[in-house]
Each structure stands twice: as C-alpha cells, then as structure tokens.
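Working through the structure, step by step
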Amino acid sequence: MTTVRRLEFSLIQQLRGAIRDETIHRPQTATVIEIGLSRIRVRASNGSVLNDVPVIGSLSDLSVNSTVFLLWDEASRPTALISPVSDVTDALPTEVFDPSQYFTKVEIARMLDGKADAGTVYTLYPHNVWRIQSGLTAQYSYSVLDLDQALAEAEAGDLIMLPPISIGGDHAMVAQVRLRGWSREMTKLTGKITGADQASIENLTISRAANNSSELYAVRGPDTGTLNIKGCDITVSQAGSGRAEAVYTDQGGNVVVWDSDLYASSVGGQGYGVVSAVGKIYLRHSRCIGSTDRMLVV
C-alpha cells in the first residue's frame, strides 16, 4: 500500500466542513441530473444547479438521481465525490484525494501545527476508515470487519474517522478512543455500540430497527468509567412488542450525551430515550424522546 504521511485531526475537521465560510463552501450532498462525457450536472442540496462538475471516481458508477458529495476549492469551484450515502457498495472510487487541492499550504501548516511539512501531499482514500493519532496512522476499508480491525488496533488517544457511508454490525468501543463521522447526515451505523471508559462517539447517526419481541437499543454504557456521545442522532424503532431504548446503562459505567438527539419508539412495547439501570446518564444540551417516556430509571 502506498505509504501514507501523517495528518492532524484538524485537517479532517476542515474536510468535513469546519472551514472558513468566506473562502470555502461547506461540503454538501447533491443529486445528479445529467451525466456528460467527463463531467456531470448536479442539483445541490440548497436547490442550486451546477454545471460541468468534475468527479472523483468513475462516471460509470453514476446514474441520474445518484447522490454525490460536493467539495469546494478556494476559488469556489466544486468537485463531486462519488459517495454511497445510504448504502455500502462495492463500486467505490480508489482515486487518491489530495488535500492540497482544497487547502493552501499555509492552512495545512496551521492545521498540522508544525508536525509535518506544509508542502506534503497526503495520500488519502476518501471512503476508507482512517485511524489517527499524532497523524494518519493507518487506513482501512469501509467494511464491518475492517472497522472492527481499526478498533482492535486502536490505542489510547486515537481518533477513528468514518467515511460518508453506512456501516452495519455491532461494535465495541476502546478506552480513550474517539469514533467520529463526517457528519450526522453522511455517516451512519446500524448496529449496537458498547461503550468504554473515556471513549467518545461523535458526529454521526446510529439508526436501528427491528420487528420482534426482543429488547432493541443503540448504545450501551461501559462497565466502568464514562462514555461520551457528542453531536449524534440516535434513533431506535421497534415495530414489534420489544422495548426500545436509544441509550441504556446496566454495567455500572456512565454516559454523558452532548448536543445530540435521542429517539426510541416501540409499537407494541415501551420506548424510552434513555434507560438507566446501573450507572447514570447525563444529558447536556440534548433532546430525548421516547414513545412511552423520555427516560426510565430502573
């Protein structure tokens, strides 16, 4: 695999939209309305129509009404990144993404905080899972097993950055490791997540659905210490008689939820935004809704 150079987390923050509004547009989704020989015509999420947009990825993977992800350079010129926003597919682009196309050397130097040469070209694959510590440590594929591998190899202080796709499977967090998506709209997990002490789940959606009599939850608190949830949408929908809960604790550890929306509903059973059996759940600037009640303390 091509050797990758280290990349500070703040560069990824820039990539997902925490960028200067006066010089660079925020990334957004767009719908393909026409496909040309080498470029495409799209309708952005704000309703504007953009012509002659270049593409990162193969045009053969696109069709009319496909969803793409728009990135903007400093001259306000868009580039479309082929992005399976709702489903994981095998037809993913392998082109290298070069941040120097979208950020100046001065900005990269500031973001890297002196940890690498500002003129370095970083080899990034936009649909990979990135594991980052003082820089880009490793890249993994977008599959369930590769996310598990990234978690298994993670060390305290690492950030695991998820691409703009949906990933299934159940996953266990690692102590002092952060799991972060590109945005709530772009990154989605559909399995249950078990917390760990001082771990953090950030900037993504967890969405679970079932139609049975079993208990259904999205996030389970750690056995000790505190799990943090920041800037997430967590939705649990049980169409059967089982109980639904967005976040619950039953192992002794605590959960702190920041700036997030929690929702749980059950058609034939009970639905609670949070359920606290053993351990505590703290809500900070968050919304919590349940079809039965917003919370249950057992």
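Heads up: the structure comes first, above all this text.
Structure report, in brief. The structure displayed is predicted, hence computed values, not measured ones. (Residues numbered from 1 in each chain as written. Predicted model: local features only at pLDDT ≥ 70, side-chain atom pairs only at ≥ 80, totals over all residues. Heavy atoms only, no water.)

Considering the overall build of the protein
For clarity, the threshold we go by: Segments assigned H or I by DSSP are reported as helices when at least four residues long, segments assigned E as strands when at least two residues long, and all are numbered from the N terminus. Buried means the residue's accessible area, taken with a 1.4 Å probe over protein chains only, is under 20% of the maximum for its type, while exposed means over 50%, and partly exposed covers the values in between. Using a 1.4 Å probe, the Shrake-Rupley method yields the accessible areas, and only the shown protein chains count as cover for residues.
A tally of regular secondary structure across the protein gives 3 helices and 26 strands. Here the protein holds 298 residues, and 50% of them are scored as buried. Of the roughly 13,000 Å² of accessible surface on the protein, a fraction of 46% belongs to carbon and sulfur atoms.

Some thoughts on the packing of aromatic side chains
So the rule is basically this: Here a pair means two rings of Phe, Tyr or Trp (six-membered ring of Trp) with centres within 6.5 Å. Their orientation is stacked below 30 degrees between planes, edge-to-face above 60, and tilted elsewhere.
The full count for this structure, using the stated rule, is 1 aromatic pair. Consider the rings of Tyr217 and Tyr248, whose centres lie 4.6 Å apart with planes at 65°: the pair is edge-to-face. Of this pair, Tyr217 sits in strand 17 (residues 216–220) while Tyr248 sits in strand 20 (residues 244–250), and the two are 31 residues apart along the sequence. Like Tyr217, the residue Tyr248 is buried in the burial classification.

Things to note about the sheet that holds strand 26 (residues 293–297)
Convention followed: Between any two strands, pairing holds if DSSP finds at least two bridges.
Spatially, the 6 strands line up as an open sheet ordered 11-14-17-20-23-26, and their pairing is parallel. Because the sheet does not close on itself, it has two edges, and the strands there are strand 11 (171–172) and strand 26. Across 6 bridges, strand 20 lies against strand 23 (residues 271–278) in parallel orientation. Looking at the pairing, Glu245 lines up with Tyr272 of strand 23.

A word on the sheet that holds strand 19 (residues 233–238)
Pairing is parallel across the open sheet formed by 6 strands, whose spatial order is 10-13-16-19-22-25. Across the chains shown, the open sheet's two edge strands, defined by having one partner strand only, are strand 10 (166–167) and strand 25 (287–290).

By themselves, these observations are geometric and do not establish any function.
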